[in-house]
Amino acid sequence: MRILIFGLLFFLAHATGSDYTLGAGDQVQITVYGEKDLTTNIKINKSGVISFPFLSDIKVAGLSPKELENKIANGLRGDYLIDPQVNVSIAMYRPFFIHGQVKRPGGYPFQEDLTLDKAIAIAGGLAARASKSSWNITRLVDGKKLVIDANVSSAILPDDIIEIEQSFF
């Protein structure tokens, strides 16, 4: 149990930093310095793949932006360019979802440093019958669903599903 909690805390602390992993729904801006024709803004499809000129389809789901930079640079190096300088940035993160007792349930674009209180505000605030403490986050970690008891300062990540329960009193 302690290992799982430590692993989750490590994941939460690093998920939106340099260790952020790309997934279906993320939109990335790929820039190859000095090569306008190779600069593109592309959304990662459901299979986690993008098409890039000269390299065909690239599986990007699970890669960090830095790893994708290296993969593209290595693919272009030699046959196409001598020393390609590639930059990958996230133009738009995949959404998070909030449902239950909020005024406007639905999917919303993820923002860096998002916490549960900010997510509730984005969804219009708590509904009149919302519980003040029964909040859960469902998150996929290493292919397994993990349900987290949340509070206002809980970190929210892309693809998280937030459930705001109804109060009984």
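Now for a look at the structure at hand. The shown structure was predicted, so the numbers you read here are calculated from the model rather than taken from an experiment.

When strand 6 (residues 95-100) meets strand 7 (residues 106-109), the two strands line up antiparallel, connected through four bridges. Within the sheet, the bridge partner assigned to F97 lies in strand 7 and is G107. In this structure, the hairpin formed by strand 6 and strand 7 is closed by a connection of five residues.

Time to look at the sheet that holds strand 7. Overall, mixed pairing links the five strands, which are arranged 7-6-10-8-9 in an open sheet. Both edges of this open sheet fall to strand 7 and strand 9 (144-149), since each of them pairs with a single strand only. Neighbour-to-neighbour, the strand axes of the sheet open up by a mean angle of 25°, direction not taken into account.

This part is about the sheet that holds strand 2 (residues 40-43). Pairing in this open sheet of three strands is antiparallel, and the strands run 2-1-5 from one edge to the other. Two strands lie at the open edges of the sheet, namely strand 2 and strand 5 (86-92), each paired on one side alone. Each strand of the sheet is rotated relative to its neighbour by a mean of 25°, with strand direction disregarded. Against the sheet, helix 2 (residues 65-76) touches strand 1 (27-32) and strand 5, its axis set at about 135° to strand 5.

Thresholds, definitions, all that
- Residues numbered from 1 in each chain as written.
- Predicted model: local features only at pLDDT ≥ 70, side-chain atom pairs only at ≥ 80, totals over all residues.
- Heavy atoms only, no water.
- Pairing = 2+ DSSP bridges.
- Helix = DSSP H or I, 4+ residues; strand = E, 2+ residues; numbered from the N terminus.
- Axes fitted to C-alpha atoms, helices over the stretch in contact; angles between N-to-C directions.
- Contact = heavy atoms within 4.5 Å.

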